[in-house]
Number of protein chains: 2
Amino acid sequence: MILGQVFYSMMNNVKIPLTHPRSVSLHIREKLVEGFRIGAVAYEGLIAHGRGESFDYLLGEKTTKYALDAIRAAACQLLLARHPIISVNGNVAALCSDDLVKLSKTFGIPLEVNLFYRTDKREKAISKMLKKSGAEKVLGLDTKSCTSLPELASNRRRVDIEGIYKADVVLVPLEDGDRTESLVKLKKKVITVDLNPLSRTAQTSHISIIDNIVRVMPLLNQILFDFQKRKKSFLDNYLKKFDNKKNLDGSINLIRGNFS
Amino acid sequence: MILGQVFYSMMNNVKIPLTHPRSVSLHIREKLVEGFRIGAVAYEGLIAHGRGESFDYLLGEKTTKYALDAIRAAACQLLLARHPIISVNGNVAALCSDDLVKLSKTFGIPLEVNLFYRTDKREKAISKMLKKSGAEKVLGLDTKSCTSLPELASNRRRVDIEGIYKADVVLVPLEDGDRTESLVKLKKKVITVDLNPLSRTAQTSHISIIDNIVRVMPLLNQILFDFQKRKKSFLDNYLKKFDNKKNLDGSINLIRGNFS
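Account for the overall build of chain A, with residues named and values stated.
Scanning chain A from terminus to terminus reveals ten helices and ten strands. Residues classed as buried in chain A amount to 55% of the 260 residues present. Long-range contacts, defined here as pairs at least 24 residues apart, represent 61% of the contacts in chain A between residues at least 6 apart. Summing over all exposed atoms, chain A offers an accessible surface of approximately 11,700 Å²; the carbon and sulfur share of this is 52%.

Which residues make up the interface of chain B and chain A, and what are the values?
With 29 residues of chain B in contact, the opposing surface of chain A contributes 29 residues. Both faces considered, chain B and chain A share a buried interface measuring about 2,800 Å² in area, 69% of it formed by carbon and sulfur atoms. Three residues, B:Tyr43, B:Ile47 and B:Phe259, lead the burial of chain B against chain A; their summed loss comes to 28% of the area buried on that side. Our count for the chain B to chain A interface comes out at four salt bridges. The closest approach of N and O atoms between A:Arg51 and B:Glu53, which form a salt bridge, is 2.7 Å. Put simply, the parts of the chain that give the side of chain B that touches chain A at least two residues each are helix H1 (23–37), helix H2 (43–59) and helix H10 (244–258) of chain B. Ranked by the residues each element gives to the side of chain B that touches chain A, the list is headed by H2(B), at twelve residues. For the side of chain B that touches chain A, the class distribution of residues is 15 nonpolar, eight polar and six charged.

So what's going on with the relation of the copies chain B and chain A? Residues and values would help.
Of the transformation superimposing chain B on chain A, the axial component is 0.0 Å and the angular component is 180°, with the fit at an RMSD of 0.0 Å. Taken together, the rotation and translation relating the two chain copies correspond to the operation of a two-fold axis.

Explain helix H8 (residues 213–227) of chain A to me, using residue names and the numbers behind them.
Note on helix geometry: an α-helix contains 3.6 residues per turn, so any two residues three or four positions apart are oriented the same way. Residue and element names in this part refer to chain A. With 15 residues, H8 extends 20 Å from end C-alpha to end C-alpha; this agrees with the ideal 21 Å at 1.5 Å per step. Considered for burial, the residues of H8 that qualify are Ile213, Val216, Met217, Leu220, Asn221, Ile223, Leu224 and Phe227. Each element contacted by the buried residues of H8 is listed here: helix H3 (65–80), helix H4 (90–107), strand E8 (169–171), strand E9 (189–193), strand E10 (207–209) and helix H9 (232–241).

Residue-level account of the pairing of E9(A), with values.
Residues and elements named next belong to chain A. Counting buried positions over the five residues of E9 gives four, a clear majority of the element. Here three bridges tie E8 to E9, and the two strands are oriented parallel to one another. Looking at the pairing, Val170 lines up with Val190 of E9. Strand direction decides the pairing type here: E9 and E10, joined by three bridges, are parallel. Looking at E10, one finds that Val193 is bridged to Ile209.

Any details on the nonpolar core? Residues and values, ideally.
Residues A:Leu130 and B:Leu130 are the most contacted members of the largest nonpolar core, which totals 110 residues. Ignoring sequence-local partners within four residues, the contact set of A:Leu130 consists of A:Val88, A:Ser97, A:Leu100, A:Val101, A:Leu111, A:Val113, A:Ala135 and A:Val138. Counting 22 residues, the second-largest nonpolar core is a separate cluster that includes A:Ile210, B:Leu58, B:Leu195 and B:Phe259.

Explain the domain arrangement of chain A to me, using residue names and the numbers behind them.
All names here are of chain A. Domain boundaries assigned for chain A yield domain 1 (2–59) and domain 2 (65–258). Taken together, the 17 residues of domain 1 in the interface contact 20 residues of domain 2. Taken together, both faces of the contact between domain 1 and domain 2 bury some 1,700 Å²; the carbon and sulfur share is 66%. Summed over the three residues of domain 1 that lose the most area to domain 2, namely Ala40, Phe55 and Leu59, the buried surface amounts to 32% of that side. Viewed at the interface, domain 2 and domain 1 are joined by five residue pairs in polar contact (both at pLDDT 80 or more). With eight residues, the single largest contributor to the side of domain 1 that touches domain 2 is helix H2 (residues 43–59).

Can you tell me about the packing of helix H1 (residues 23–37) of chain A against H2(B), naming the residues and giving the values?
Between H1(A) and H2(B), whose axes approach to 11 Å, the crossing angle comes to 115°. Crossing of H1(A) against H2(B): the hand is right-handed. Residues A:Arg29, A:Val33, A:Phe36 and A:Arg37 of H1(A) form the contact with H2(B), whose participating residues are B:Tyr43, B:Glu44, B:Ile47 and B:Arg51. Grouping the amino acids of the contact of H1(A) with H2(B) by side-chain chemistry returns four nonpolar, no polar and four charged.

Parameters at a glance
Residues numbered from 1 in each chain as written. Chains lettered and ligands numbered in written order. Predicted model: local features only at pLDDT ≥ 70, side-chain atom pairs only at ≥ 80, totals over all residues. Heavy atoms only, no water. Helix = DSSP H or I, 4+ residues; strand = E, 2+ residues; numbered from the N terminus. Buried < 20%, exposed > 50% of the residue type's maximum accessible area, 1.4 Å probe, protein only. Contact = heavy atoms within 4.5 Å. Areas by Shrake-Rupley, 256 points an atom, 1.4 Å probe, with all protein chains shown as cover. Buried area = accessible area lost by both parts, 1.4 Å probe. Salt bridge = Lys/Arg side-chain N within 4 Å of Asp/Glu carboxyl O. Nonpolar A, V, L, I, M, F, W, Y, C, P; charged D, E, K, R; others polar. Least-squares fit on C-alpha atoms with pLDDT ≥ 70 in both. Expected span 1.5 Å × (residues − 1). Pairing = 2+ DSSP bridges. Core = buried A, V, L, I, M, F, W, Y, C linked by side-chain atoms within 4.5 Å. Domains from an automatic or database assignment. Polar contact = N/O pair within 3.5 Å; in protein donor to acceptor, adjacent residues only side chain to side chain. Axes fitted to C-alpha atoms, helices over the stretch in contact; angles between N-to-C directions. Left-handed = near helix turned anticlockwise from the far one by under 90°.

Following this line, the structure appears as structure tokens:
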């Protein structure tokens, strides 16, 4: 919670000045811990966040030119989609619920809760966070509107008929490799946000944004806003020129260079 | 909990076969989550564990020749010490309480609980874990035997007169940079275990073991056992030849090579 020049760390019951060199990273962490407390984030989610922090540190904790290029390509892909969808897990909701809902409402892209470690309690907690941020509809919760996709790993099989099931473009931030591979096999265009350019998720997706989701979401909102005025041919061309493999290699080389 | 060919994941209420490709890493994680549940591990500890996992993955999840060299140097340093001490935090206790206590009892090196996020509850939970593993005495708990070291960061000031205060050699696994720097300034020989060779902790310590503590502790026990039969001149020579900076560069280059 930000109070003037400090934020209050519920995690450690201390006030942290906003001038603290790790203030941004610590503040992001607090959001996640708050998500854990209300049942939206799994233990696994806290540990996964730590893995992300390492790679963010190796990337210099900023949006690189490679990430910006991938965000632009993602905006094109989402604007060209007939049925785009955003898959939301606990970490994603905890870290950027407001930006997600803003994106969803502004550009008409539905949100679907889809969890690896699925429990009713966690699903409800995530849906509550999204609704608190202003979401009117959250897919993936009503068993009657859901079906089973055997191609997806067991916990993930349940998908919404109006959401992932019929989607042609799926934005699945902070995902695992199995999931991403399955969605690719189902011939969907997969966009991911992942801080590890070597991960199976990053290596398998069609568009891999190697950046912190906290920085990605406001940028994606802005770029979608700018690009929606462009012609279809501009979006098509941008996508045609975008080379995910080359883009990933750019991030890998950048990290390798920082590692010394 | 290991049950025949599976272990039971309390974190996710599922059984995980020991043949699972990530079985070892998942099992280590379970230990940490169990430590969190009983109040020994902080939120921060779960996230820090994730950061470690990233670097372990980049190291190939095995003890490298550089780590082995550093473990040997650490054994020499501990055997040559007049007053060695091991500083224990929540993650360390959760991950290798049994091996810590074995080392402490076999080689007469006391254990001191010293926490960054200190609470009485956490201190007690850690002490309980160590005692469950067979520890007879745990330093750092009795305020009467403790004093304040202003050179240490605020939460860490309280140290045991019989422990860190009078120690000449301090093994501080999984530590933060401020702490390590302060101990170095106090002219203590500092040995650390850290998976990130670029961290301030690793860069500041006299002997930095770049490896997973779960692999380090049994090896350190074994090497101490072997080396205690050696002459003082052997230990002195080993330490004289050990170059921490060069050793760290070895780990850094190895990770850089794996990053592609």
